[in-house]
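Each chain, letter by letter, is given below.
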Amino acid sequence: MSSRIVLDLHETRCSDDLIEWFACGFNAHRQIPLVESQETGENKDIIIPQRILSAHSLEMLYTGWSDTVFRKDGKVYWHGVGSHTQNDALLDLQDVYKVYGDQRGPLCVISKSSGFHWCTKQHHATSNEIKITSFDHMAVAGNGQVCIVRDQTQIISYKDVGAFAKSAPEQTWNIQTKSIVQLVSNESSFTALTIEGIVYTWGDPRYSIGREPSNDEYFQAPYIVTALEGLSLSKISSGGWISAALSSEEDLYVWGNATPGCQVIDFIPNDTGDVSLVDLGDDVSIIDVAVGSGHVCLLSRNGDVYTAGISRNGQTGIGNTGETFQKSWKKIERCWKGTAKTIHSGPFSWSTFIMVESPARK
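Residues numbered from 1 in each chain as written. Predicted model: local features only at pLDDT ≥ 70, side-chain atom pairs only at ≥ 80, totals over all residues. Heavy atoms only, no water.

1. A closer look at the overall build of the protein chain
- Helix and strand counts for the protein chain come out as one helix and 27 strands.
- Here the protein chain holds 362 residues, and 56% of them are scored as buried.
- Within the protein chain, residue pairs in contact and separated by at least 24 positions form 53% of the contacts whose partners lie at least 6 positions apart.
- Per element, the accessible surface of the protein chain, about 15,900 Å² overall, is 46% carbon and sulfur. (Helix = DSSP H or I, 4+ residues; strand = E, 2+ residues; numbered from the N terminus. Buried < 20%, exposed > 50% of the residue type's maximum accessible area, 1.4 Å probe, protein only. Contact = heavy atoms within 4.5 Å. Areas by Shrake-Rupley, 256 points an atom, 1.4 Å probe, with all protein chains shown as cover.)

This is the structure:
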């Protein structure tokens, strides 16, 4: 098995109900932790959601192209390529609560008691080389650029991970907000969400950041997505060249593209500066969204999961239909008996994870 316990947490949460995870998608590196009864020793993609874990407490910490990091009943597990090259110092940590990564896998973790730690030996620097300061959020784009949030209102950008490690920033911006609550990235851009429900974007304009700049704006600096002004946004997600924002009114807004110049998702606007409202009809309310590397997943109020985008590795969960790309939303056939509560993917992930609350098995 490509897994290793990274640390041990002493959670007290317990319930008669079980949390179950169902997953589908790319699994060449065995980053999807199949349950023992399903483990075949083969690294096959999963084309329809399969139950992979059950516990009283489950939390996704990181999902990428080749690695998955999660907490299960007080222990944090790492599955995939990087689980063999992790920094051994992580074994001594007891309270990791955030994991950040790039296209290659997890880069660093944040411990409540001891702060920043590199994840893997190849990223580990000596104390003389590293100058990491505390920060609230971090995101790494596919082009290598790093952005962090510091002191709740300040966004700082770095050319790459090396510049970040040496604390050599390129730009610093002060955002007019009480707090930035989310920072996400995709292949070429960043999106930030404030506690007031306002969305900011910046990055490469060729692949849409949901806005066109005016005379006093430019793409590489955070500015408000004016198409979303007046809405109360509660969550953002980004991956590949797609970004999405979910409102407190349970509406979903999207912009970008699945694969620029090649495949187009029907509900994403053609104009690089536009934002589209997702309409599933029949007054379907949306309570969660997850964007992967070229695919989008959403969870409706009644527990249905819909997917669209690249499907060649099973990440859309619709089974063996012969399709490698879904231009429009399709509903995943339910293979769980409980209630789907959240969905997960990541900016470089070719997989989808569905968290289901189920009655305890007798």
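2. Some words on the layout of surface pockets
- As a volume, the largest pocket reaches approximately 940 Å³.
- In terms of lining, the largest pocket is formed by 34 residues, of which the most central are Leu-61, Val-99, Gln-182, Val-184 and Ser-345.
- At the level of elements, β4 (58-63), β7 (96-102), β10 (137-140), β14 (180-185), β18 (233-239), β22 (286-291) and β26 (339-344) are the ones that each hand at least two residues to the lining of the largest pocket.
- Here the element with the most residues in the lining of the largest pocket is β4; it accounts for six residues.
- Considering only residue class, the lining of the largest pocket consists of 21 nonpolar, 10 polar and three charged. (1 Å grid on protein atoms, 1.4 Å probe; cavity = no way out; pocket = protein on both sides within 12 Å on 5 of 7 lines; lining within 4 Å. Points joined across faces, edges and corners; volume = space filled by probe spheres on them. Nonpolar A, V, L, I, M, F, W, Y, C, P; charged D, E, K, R; others polar.)

3. Points about the sheet that holds strand β15 (residues 189-194)
- Spatially, four strands are ordered β14-β15-β16-β17 in an open sheet, and the strand pairing comes out antiparallel. Two strands bound the open sheet, and with one partner strand each, they are β14 and β17 (223-224).
- Inspection of the sheet shows strand β16 (residues 199-203) paired to β17 by two bridges, in the antiparallel sense. Counterpart to Thr-201 in the pairing with β17 is Tyr-223. (Pairing = 2+ DSSP bridges.)

4. Some points on the state of the cysteines
- Tallied over the entire structure, the rule returns zero disulfides.
- Of all cysteine sulfurs in the structure, the one in Cys-108 sits closest to Cys-119, which takes part in no disulfide; the separation is 6.2 Å.
- Judged by its relative accessible area of 1%, Cys-119 falls in the buried class.
- Cys-24 provides the cysteine sulfur closest to Cys-335, a residue in no disulfide bond, and the two sulfurs are 8.4 Å apart. (Disulfide = S-S within 2.5 Å.)

5. Overview of the pattern of salt bridges
- Tallying each qualifying case throughout the model produces eight salt bridges.
- Here Lys-235 and Asp-288 are joined by a salt bridge, their closest N and O atoms 2.5 Å apart. Here Lys-235, found in strand β18, pairs with Asp-288, found in strand β22; they are 53 residues apart in sequence, far enough to count as distant.
- Residue Lys-235 is classed as partly exposed on the basis of its relative accessible area of 23%.
- Across the salt bridge formed by Lys-331 and Asp-304, the nearest N and O atoms sit 3.8 Å from each other. Of this pair, Lys-331 sits in strand β25 (residues 325-331) while Asp-304 sits in the loop between β23 (295-300) and β24 (305-310), and the two are 27 residues apart along the sequence.
- Taking the relative accessible area as the measure of exposure, Lys-331 reaches 48% and is therefore partly exposed.
- Looking at Asp-304, the relative accessible area reads 10%, which means it is buried.
- The network of salt bridges with common partners includes Asp-304, Lys-331 and Arg-334. (Salt bridge = Lys/Arg side-chain N within 4 Å of Asp/Glu carboxyl O.)

6. Comments concerning the pairing of β7
- Among the seven residues in β7, five count as buried, and that is most of the element.
- Sheet topology places β7 next to strand β8 (residues 105-111); six bridges connect them, and they run antiparallel. Looking at the pairing, Val-99 lines up with Val-109 of β8.
- In this antiparallel pair of consecutive strands, β7 and β8, the connection spans two residues.

7. Structural notes on the confidence of the model for the protein chain
- This prediction gives the protein chain a mean pLDDT of 84; 81% of its residues lie at or above 70.
- Within the protein chain, strand β1 (residues 3-8) has the poorest average pLDDT of any element, 41, and β14 the best, 98.
- Within the model, pLDDT remains below 50 along residues 1-14, and this stretch shows 57 contacts once partners closer than five positions in the same chain are excluded.
- Note on residues 124-128: pLDDT is under 50 here. Beyond four places in sequence and across chains, it has four contacts. (pLDDT = per-residue confidence, 0-100.)

8. A word on the sheet that holds strand β3 (residues 46-55)
- The strand order across the open sheet formed by four strands is β3-β2-β27-β26, and the pairing between neighbours is antiparallel. Edge positions in the sheet fall to β3 and β26, since each has one partner strand and no second. Mean inter-strand twist for the sheet, computed between neighbouring axes without regard to direction, equals 25°.
- Alignment of strand β2 (residues 18-25) against strand β27 (residues 351-358), held across eight bridges, turns out to be antiparallel. Following the sheet pairing, Cys-24 is matched in β27 by Thr-352. (Axes fitted to C-alpha atoms, helices over the stretch in contact; angles between N-to-C directions.)

9. Quick notes on the packing of aromatic side chains
- Summed over the entire model, instances satisfying the criterion amount to 15 aromatic pairs.
- A centroid spacing of 5.8 Å and a plane angle of 70° characterise the contact between Trp-21 and Phe-70, whose relative ring orientation is edge-to-face. A residue pair is termed long-range when its members are at least 10 positions apart, and Trp-21 in strand β2 and Phe-70 in strand β5 (residues 67-72) qualify at 49 residues. For the pair shown, Trp-21 and Phe-70 are each scored as buried.
- Centre to centre, the rings of Trp-65 and Trp-350 are 6.0 Å apart; their planes meet at 80°, and the pair counts as edge-to-face. Placement of Trp-65 in the loop between β4 and β5 and of Trp-350 in the loop between β26 and β27 is noted, with a sequence separation of 285 residues between them.
- Overall, the relative accessible area of 26% leaves Trp-350 in the partly exposed class.
- Three or more aromatic residues link up through ring pairs in this structure, and these residues are Tyr-100, Phe-116, Trp-118, Phe-135, Tyr-158 and Phe-164. (Phe/Tyr/Trp six-rings, centres within 6.5 Å; stacked < 30°, edge-to-face > 60°.)

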